[in-house]
Amino acid sequence: MVDYHAANNQSSAGGVQTYMEQENDWDRDLLLDPAWEKQQRKTFTAWCNSHLRKAGTQIENIEEDFRDGLKLMLLLEVISGERLPKPERGKMRVHKINNVNKALDFIASKGVKLVSIGAEEIVDGNAKMTLGMIWTIILRFAIQDISVEETSAKEGLLLWCQRKTAPYKNVNVQNFHISWKDGLAFNALIHRHRPDLIDYDSLRKDDPVTNLNNAFEVAEKHLDIPKMLDAEDIVNTARPDEKAIMTYVSSFYHAFSGAQKAETAANRICKVLAVNQENEQMMEDYEKLASDLLEWIRRTIPWLENRTQEKTVNDMQAKQEDFRDYRCVHKPPKVQEKCQLEISFNTLQTKLRLSNRPAFMPSEGRMVSDINGAWHTLEGAEKGYEEWILSEIRRLERLEHLAEKFHQKAAIHESWTDGKEAMLTQKDYETSTLSEVKALLRKHEAFESDLAAHQDRVEQIAAIAQELNELDYYDSASVNARCQKICDQWDVLGALTQSRKESLERTEKQLESIDELYLEYAKRAAPFNNWMEGAMEDLQDMFIVHNIEEIQGLITAHEQFKSTLSEANKEREAIQSIQAEVQKIAQSNGIKLSGANPYTTITPESIDSKWEKAMAMVPLRDNALQEELNKQNSNDTLRAKFATQANAVGAYIQDKMEEIGRISIEMNGTLEDQLTNLKEYQTNIMSYMPEINKLEGFHQLIQEALIFDNQYTSYTMEHLRVGWEQLLTTIARTINEVENQILTRDAKGISQEQLYEYRASFNHFDKDHSGALMAEEFKACLISLGYDVENDKQGDSEFARIMGIVDPNGSGAVTFQAFIDFMSTETTDTDTADQVIASFKILAADKNYITAEELRRELPPDQAEYCIARMAPYAGPDAVPGALDYMSFSTALYGESDL
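Keep in mind that this is a model prediction, so the values were computed, not measured.

Caption draft 1: Spotlight on the overall build of the protein. The helix and strand inventory of the protein stands at 35 helices and seven strands. If you take every contact in the protein between residues at least 6 apart in sequence, the share linking residues at least 24 apart comes to 75%. Total accessible area computed for the protein in this model is approximately 43600 Å², and 50% of it derives from carbon and sulfur atoms.

Quick look at the structure:
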């Protein structure tokens, strides 16, 4: 139902008095007619309830429920929109009379002359007086202000009905009683305004009950007009009650009179809200995508910054494989999401500018610049993580090599020292002959020589253990324990050697015989034996190289070693000849040898055995070096393949980046042609992806081969990956710029020639072809287009205003998109907050507030609920329960206050 108090405030007191005097000349005795009284009771009760329901109450018996004056005062407040004096809540007769008098005084204050109606009669439940009072209220607040062609009230309402029903057959409205008995006039009124609700041609004049019930039901269901009459009462009464008919018909007048204005206002609001809802959805999508991407970066960076060391090369290579999987599988979709995020942000800002909305400011930490910063940090972490993996692999390779070398040398040394302490502590010289003692002394001297020769090995073992500790070898504890044991044993051997030497020298004074040949053999055999042991150790030594030069150096050293074998063989033969000479002398002199050489434990057989073993190791060493040489040659081939492909890809990316730069500046043809060409260019670039994948394959082979340098190219895989990602992002961003230009052109009505003019002016002042104008370049461009921004106080102020529009972030640079947005905004018009407020005011029947019920009645359901959820409660002096503030809501839509 429509409220009347807005219109009531405009009424004339003089007109009210004149009309009310006429209408009050009614025959009150007629109210005693049972048929008329029944009609008035039902109609007036329904009319009162249609307004009381807004306050959450209703009446059942019209003369009983108004007796205490409370609901009467509430009814007057609802239909007038004004506050009455506070009612008295007592139940005594005097309280009721006072409340009714307050209501009657309010009616009189509106210029209504109450004839023969007193508070006592209403309190006593006088039906005649109560119905007369309600009729007076209906005349004043529902009928008085109806005006059609300088006629008002009853005549105006009758003229409105006649005009609206004139085209309909069998309808001739001449009064407010018998003209409505057949029900066709009611159906004609509804059909005239809402033809979709009534099938008028199917109605029959000879079926008035059906016609009346049809009109009453449709009005109640679809027009929110309560059923105030009974079809049977109207049909069975010779002359229906005029006041009941007028009351009911006035509801149709008020329901239809504002329909057109409400529809226009609703359409405007729907349009504005649809744009706002779409923009809010894009904002929510941006926030979610930005949040998800930043969360992924936040979770990924700690993984890339994790420097937990592994114990073996295999473990680190597993980490390298995980990193490769991240690069090839997990990161590419995120690159696409980052690109889409920038595109969505630019498109949203364009739409906001086109709809005269404030620029979108993402939540703190979710700006495009914040995401780019996080992305830069991510890429820095990637580079550091990859370099750390490679350095760790090298370190672990070095550690494994050193550990193996340490244990090999330690085993050789421990094997050599086995039994030496027992030998040095024996007392055999105490029961030996002089020659035997001398032999023991010489043997001990040979042992000292051997001991000194092994000093280097002990120092090497200690040095390797020290390096393993410095490189943080995971099993340093066992290495240190073994090294300490060797050093402690070495100190013991040194002390025991010195002690035995002193004992033998004391005994030597008593023993003088010595066998020179044995002594010479021992002296020559010991160093030769050490040389052979060293040679075998070198032939078994592990090696690790990274290029051809290093392996060729090892091969050269090995060849030099092989060149010394002939001299070494001569020395071996010379040593063996000494032993042969001993045998010869003994045989020639009939000397029975006691057994082994007393001066050394090195036998001719052990020398020959070691010599044979050393000679057998030489070809094995040759094969190992040759295999490594072949491996390094293969690695060099891989380097060349990767370099060839990398040089080609690098040149391709450089050329395409330069071409995109030229295209973005030249922009020939229409925007649609440019967009088509750019997308074809993008497709052409994407077709190059197999070459990138091919390069990734070569890079994987190089990493698997543990190749760490490449002298054939200056490109690295990391540089090319970044270049490729920049190329894809640049072409996508250029396409988005053209799409936004098309969107701006279509929304603002900019012609192709204007865009060409804007582009020509922009490019003319973009001297460095950077795609953006610095402040001074932009000022020169504006001057060339006729803007008064010269260097004076007024010009500087105008230029500062324009810069605030095109560069809201204060970066000091103006993009082409911001430039055309500004130029288009200067020449077009859009909806304003004042227009939206005026539209809401129409829907609210000129009130300063609006109710949820009015919004749901005038707007589509989704947009009505959108407004209800965001409108603040109205706090003005004329506020009623459930009132909503549409003014602050409309202002907030355009960024003038917080929504």
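Caption draft 2: View of the environment of N101. With respect to the helices and strands, N101 occurs in helix α6 (residues 93-109). Taking the C-alpha atoms as reference points, N101 and G118, 17 residues apart in sequence, are found 8.0 Å from one another.

Caption draft 3: Geometry of the pattern of salt bridges. Counted according to the given criterion, the structure contains 52 salt bridges. We note a salt bridge from K288 to D292, for which the minimum N-O separation is 2.9 Å. In this pair, K288 and D292 both sit in helix α14 (residues 259-305), four residues apart, roughly one turn of the helix. Looking at D292, the relative accessible area reads 35%, which means it is partly exposed. Here K570 and E567 are joined by a salt bridge, their closest N and O atoms 3.7 Å apart. Of the two residues, K570 and E567 both sit in helix α23 (residues 565-588), three residues apart, roughly one turn of that helix. Accessibility assignment for this pair places K570 and E567 in one class, exposed. Three or more residues are tied together by salt bridges with common partners; here these are R327, K331, E379, E382, E386, E696, E718, R721 and E725.

Caption draft 4: Inspection of the environment of E305 at higher detail. As for its placement among the helices and strands, E305 is situated in helix α14. Under the relative-accessibility criterion, E305 is labelled partly exposed at 47%.

Caption draft 5: Summary view of unusual backbone geometry. Positive phi, close to 60°, is recorded for D224, a residue that is not glycine. Notably, D846 is not glycine yet its phi reads approximately 70°, a positive angle. Relative to the elements of secondary structure, D846 occurs in the loop between α32 (833-843) and β5 (850-851).

Caption draft 6: Main features of the packing of aromatic side chains. For the coordinates displayed, the defined rule picks out 31 aromatic pairs. Arranged with centres 5.9 Å apart and planes meeting at 35°, the rings of F323 and Y326 form a pair that is tilted. Of this pair, F323 and Y326 both sit in helix α15 (residues 313-354), three residues apart, which is roughly one turn of that helix. Like Y326, F323 is buried. Note on F840 and Y886: the rings are 5.7 Å apart at their centroids and 25° apart in plane angle, and the pair reads as stacked. You can see F840 sitting in helix α32 and its partner Y886 sitting in helix α35 (residues 886-893), a full 46 residues away along the chain. There is no split in this pair, since F840 and Y886 are both buried. Here the aromatic cluster, defined as three or more aromatic residues joined through ring pairs, consists of F176, W180, F186, F216, Y248, F252 and F256.

Caption draft 7: Structural context of the sheet that holds β5. Judged by pairing direction, the sheet is antiparallel, and its three strands sit side by side in the order β5-β7-β6 without closing on themselves. Edge positions in the sheet fall to β5 and β6 (872-873), since each has one partner strand and no second. Pairing of β5 with strand β7 (residues 883-885), which is carried by two bridges, proceeds in the antiparallel orientation. Bridge pairing in β7 links I850 to L884.

Caption draft 8: Up close: the confidence of the model for the protein. Overall, the prediction assigns the protein a mean pLDDT of 81, with 89% of residues at 70 or greater. The model gives residues 1-32 a pLDDT under 50, and that stretch makes 74 contacts with residues more than four places away or in other chains. Below a pLDDT of 50 lies the segment residues 510-514, which in the model reaches 16 contacts outside its immediate sequence neighbourhood of four places, other chains included.

Caption draft 9: Spatial organisation of the UniProt feature "coiled-coil region" (unreviewed entry) in the protein. If you check UniProt for "coiled-coil region" (unreviewed entry), the listed places come out as residues 437-471 in our numbering. Counted over residues 437-471, helix gives 94% and strand 0%. Its end C-alpha atoms are 50 Å apart.

Caption draft 10: Quick peek at the side chain of N635. Checked against the element boundaries, N635 lands in helix α24 (residues 604-666). Given the relative accessible area of 6%, N635 is considered buried. In this structure N635 touches A705 and I707, once residues within four positions along its chain are discounted.

Caption draft 11: Expanded view of the nonpolar core. With 76 residues, the main nonpolar core has I137, W180, F186 and F252 as its most contacted residues. Broken down by element, the residue count for this core peaks at 11 residues, all from helix α8 (residues 127-143). The contact partners of W180, leaving out residues within four places of it in the chain, are C161, V173, N175, A185, F186, L189, L212, I234, I245 and V249. In this structure, Y688, F698, I742 and A818 belong to the second largest nonpolar core, which totals 50 residues.

Caption draft 12: A look at α15. Helix length check: α15 (42 residues) gives 60 Å between terminal C-alpha atoms against 62 Å at 1.5 Å per residue, within 8%. Where α15 bends most, the angle comes to about 45°, and this point is K331, followed within four residues by the proline P332. Trailing α15 by a residue or two, N356 shows a phi angle of about 60°, which is positive.

Caption draft 13: Seen up close, the packing of helix α10 (residues 184-193) against helix α11 (residues 208-222). With their axes 8 Å apart at the nearest point, α10 and α11 run at an angle of 35° to one another. As for the relative orientation of α10 and α11, their crossing is left-handed in sense. For the pair formed by α10 and α11, the contact residues are L184, F186, N187 and I190 on the first element and N211, L212, N214, A215, F216, V218 and A219 on the second. In terms of residue class, the contact of α10 with α11 is made up of eight nonpolar, three polar and no charged.

Caption draft 14: Looking closely at the packing of helix α3 (residues 34-52) against helix α5 (residues 70-80). Contact pair α3 / α5: the axes reach a minimum separation of 9 Å and the direction vectors enclose 65°. Of the possible angle classes, the one that applies to α3 and α5 is roughly perpendicular. For the element pair α3 and α5, the recorded crossing hand is left-handed. On α5, the residues touching W47, C48, H51 and L52 of α3 are K71, L74, L75, V78 and I79. Tallied by class, the residues present in the contact of α3 with α5 amount to seven nonpolar, one polar and one charged.

Caption draft 15: View of α10. α10 sits mainly inside the fold: seven of its 10 residues count as buried. The set of residues buried in α10 consists of L184, A185, F186, N187, A188, L189 and I190. Packing partners of the buried residues in α10 comprise α9 (153-165), α11 and α13 (242-257).

Caption draft 16: Main features of the environment of A624. Here A624 shows up in helix α24. Accessibility expressed as a relative area gives 29% for A624, which makes it partly exposed. When the C-alpha atoms of A624 and F543 are compared, they prove to be 9.7 Å apart, with 81 residues separating the residues in sequence.

Caption draft 17: Region of interest: the side chain of T713. Turning to its location among the elements, T713 is positioned in the loop between α26 (689-704) and α27 (717-748). Classification of T713 as buried rests on a relative accessible area of 12%. In this structure the side chain of T713 is engaged in a polar contact, spanning 3.1 Å, whose partner is the backbone nitrogen of Y715. In contact with T713, other than residues within four places in its own chain, are F642, A643, A646 and N647.

So, how was this worked out
- Residues numbered from 1 in each chain as written.
- Predicted model: local features only at pLDDT ≥ 70, side-chain atom pairs only at ≥ 80, totals over all residues.
- Heavy atoms only, no water.
- Helix = DSSP H or I, 4+ residues; strand = E, 2+ residues; numbered from the N terminus.
- Contact = heavy atoms within 4.5 Å.
- Areas by Shrake-Rupley, 256 points an atom, 1.4 Å probe, with all protein chains shown as cover.
- Salt bridge = Lys/Arg side-chain N within 4 Å of Asp/Glu carboxyl O.
- Buried < 20%, exposed > 50% of the residue type's maximum accessible area, 1.4 Å probe, protein only.
- Phe/Tyr/Trp six-rings, centres within 6.5 Å; stacked < 30°, edge-to-face > 60°.
- Pairing = 2+ DSSP bridges.
- pLDDT = per-residue confidence, 0-100.
- UniProt positions renumbered as here; feature names shortened; annotations may be inferred.
- Core = buried A, V, L, I, M, F, W, Y, C linked by side-chain atoms within 4.5 Å.
- Expected span 1.5 Å × (residues − 1).
- Bend = angle between axes of the 7 residues up to and from the residue.
- Axes fitted to C-alpha atoms, helices over the stretch in contact; angles between N-to-C directions.
- Left-handed = near helix turned anticlockwise from the far one by under 90°.
- Nonpolar A, V, L, I, M, F, W, Y, C, P; charged D, E, K, R; others polar.
- Parallel < 35°, antiparallel > 145°, perpendicular 65-115°, else oblique.
- Polar contact = N/O pair within 3.5 Å; in protein donor to acceptor, adjacent residues only side chain to side chain.

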